[in-house]
Amino acid sequence: MEGGTFRFGLDYATPKAEPCEANHVAPIVSSYNDRIRPVLDAVENLRRLNITKEGIQLPTIVVVGDQSSGKSSVLESLAGISLPRGQGICTRVPLVMRLQNHSLPKPELVLEYNAKTVSTDEAHVSDAIRVATDELAGGGKGISNTPLTLVVKKNGVPDLTMVDLPGITRVPVHGQPEDIYDQIKDIIMEYIRPEESIVLNVLSATVDFSTCESIRMSQGVDKTGERTLAVVTKADKAPEGLHEKVTADDVNIGLGYVCVRNRIGDESYEDARAEEANLFRTHTFLSKIDKSIVGVPVLAQKLVQLQAASISKILPEIVKKINNKLGSYLSELDKLPKNLTSVADAMSAFMHIIGLAKESLRKILLRGEFDEYPDDKHMHCTARLVDMLDQYSNDLHEGPESDDGENCLMEEIKVLEEAKWIGLPNFMPRTAFLTLLQNKVKAISCMPIEFTEKVWDYLEEVVIAVLKRHSEHYYQLQTCTKLAGQNLIAKMKENFTKYVMEAVEMEKLTDYTCNPEYTSEYHKLMANQDEFVQKVNSGTSFNVVLEGFDRGIKVGHLSQYSTLLPQAFDLKMRLRAYWKIVLRRLIDSTALHLQFSIFNLVNKDLGDEIVKDMMSPYGGGIEKLLEETPSVSQRRDNLNRSIKVLRESKEVVANIMDKISSYDH
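Residues numbered from 1 in each chain as written. Predicted model: local features only at pLDDT ≥ 70, side-chain atom pairs only at ≥ 80, totals over all residues. Heavy atoms only, no water.

- Looking at an unreviewed UniProt entry, one finds the protein named Dynamin-related protein 4C-like and attributed to Psophocarpus tetragonolobus.

Shown next, in the form of structure tokens:
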């Protein structure tokens, strides 16, 4: 190996064609080193293993050309056998032609398709190809992308593997689909797009090369032409100016041109080659073309050399790609869930999954860790729960609109008028305070229920998402845990709703607190009572500004209630001081009960609910875990199949590289 490229002992210089007498037949195989044969066999084995399905491209000579460009004739000349002929598209599927030079007394021809191997001979190969094509592409004139392989072992043929593709046609004939051009183009582009492909572009000498559709397609994937070789057919039909066309190279054929004369009529292949040599030696115009770019033998030699050079370049990269793919697939297979085969395996997997799910929930719901969901803020649960509690607190404090404006103290005065009783004056009726308290509690009683709905809907989303993630490879368990989680959340939401409703009802029932803040706040507010009463009794109609009130109080309407005014002011300040305690108690108790409920949910209730659901008469028991999801089962099968192909391919490549190493030594 020199400079990272393997060499196989081939002379890569283009051979010079020797002048041929009329009775001398130029050999189609020129100087050829048999060391390349094992390498070609190895590449063909990789092709048979279908390694391209694993995303690893192989060096391929792809034959393209417009319809009636003489593509089939070129392949016939190289292989020395007859291919299907006729009107319209003759090649309706990719035909992989593998030519092998063998000193056999009789040629061996084998067709491989649809996992079948069909032997044939030179006399019947054309019919055999038609039968195989009909099986692959149907009996009409449509095409298919399913390849057909033809192996030709024959003395004198070059060791080549080529893919012959359908000829390009723009106008569908009777029996062909309307989008025949698009179908053919898609197949051609699939084969010529990989960098490993060598494009053999067959051009008729009778047309302007720049107008050929095959040239446009190859230029689309190989703008510089560095992997495009052109073979010019029908040189005898348009000899004048051909020398200039191949010399000027207006269409960027980087690998050059080879001009050929194909077999005509019933000529034997030996006679055709003799006539070809004579034509390019004696014709007035064609004899001007350099002998290094004319004739089927030269074409064969060029293709052999290009193929060897391509393999030499790509083989180390193939080794690298196989190793990378194999490592990636083995890693992915290892990450798939264990294929459970017993109840013990299922129980172990079940306990592991539930343990992982509970630990994830502890992280995000109790400890505030979110390393498992770094970019998903929705799953940063402690922060989101605090956001909800803060919003709940704000909603409660904003509450119903205050009557600090024009109707200030009117509600208190009306309640006091109705709470009068026979007794000493100036005693604060407790009934009046409780009536006002109950009215305020009723005004905010829907808010705790709304908070409960919001927070438990969120918790359900989080719990189901975590359970789903940890059981994603076990469809039956995923279904079971989802249902159990939903049932548990529904029950806990119901209990939580009952708790907050009871808390609201308790606040309506009585007035009590041991919090000293109530007394201090009450006294601070009552310090303004004398000033307030004095201003009202003085007959002022202006707003009175008091500490603790957001805006000025209009007092003009209060002068007529001078007797009840001190009691009404006292009642309002008592309720105002106590209301802060009520709200704080509602918020704190709700937050504490929520945290307590989440703790029980994660550490006890969730696992118990899932087990109960699985062990119920309708749960199916732990055995349901043995049923693997179809997607996981299919992925496991695909990975195992790919790993088998890659391991076999790795062995094929390792063997050939050992041989190459021995050649170098």
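After presenting the structure, the write-up continues.
## Some thoughts on the pattern of salt bridges
- Enumeration over the complete set of coordinates arrives at 34 salt bridges.
- In this structure, Glu521 engages Lys580 in a salt bridge whose closest nitrogen and oxygen atoms are separated by 3.1 Å. With Glu521 in helix H15 (residues 516-526) and Lys580 in helix H17 (residues 565-614), this pair connects stretches of sequence that are 59 residues apart.
- For Glu521, a relative accessible area of 16% puts it in the buried group.
- Lys580 sits in the partly exposed class, given a relative accessible area of 43%.
- Measuring nitrogen to oxygen at the nearest pair gives 3.5 Å for the salt bridge that ties Asp608 to Lys604. Within this pair, Asp608 and its partner Lys604 are both found in helix H17, separated by four residues, close to a single helical turn.
- Of the residues examined, Lys604 reaches a relative accessible area of 49% and is grouped as partly exposed. (Salt bridge = Lys/Arg side-chain N within 4 Å of Asp/Glu carboxyl O. Helix = DSSP H or I, 4+ residues; strand = E, 2+ residues; numbered from the N terminus. Buried < 20%, exposed > 50% of the residue type's maximum accessible area, 1.4 Å probe, protein only.)

## Points about the sheet that holds strand S8 (residues 228-233)
- The strand order across the open sheet built from nine strands is S4-S3-S5-S2-S6-S1-S7-S8-S9, with neighbouring strands paired in mixed fashion. A strand with exactly one partner marks an edge of an open sheet, and here the two such strands are strand S4 (116-120) and strand S9 (257-259). Sheet twist, expressed as the mean angle between neighbouring strand axes with direction ignored, is 25°.
- Pairing of strand S1 (residues 60-65) with strand S6 (residues 160-164), which is carried by three bridges, proceeds in the parallel orientation. Bridging across to S6, Ile61 finds its partner in Met162.
- The strands that helix H8 (residues 296-335) touches are S1, S6, strand S7 (197-204), S8 and S9; relative to S6, the one it contacts most, it runs at about 100°. (Pairing = 2+ DSSP bridges. Axes fitted to C-alpha atoms, helices over the stretch in contact; angles between N-to-C directions. Contact = heavy atoms within 4.5 Å.)

## Some details on unusual backbone geometry
- Even without being glycine, Ala115 reaches a positive phi, approximately 60°.
- Tracing the backbone through its elements, the reader meets Ala115 in the loop between strand S3 (108-113) and S4.
- Looking at Ala115, the relative accessible area reads 86%, which means it is exposed.
- Not every positive phi belongs to a glycine, and Lys234 is a case in point at roughly 55°.
- Mapped onto the elements of the fold, Lys234 is located in the loop between S8 and helix H6 (242-248).
- Overall, Lys234 belongs to the partly exposed group, its relative accessible area being 30%.

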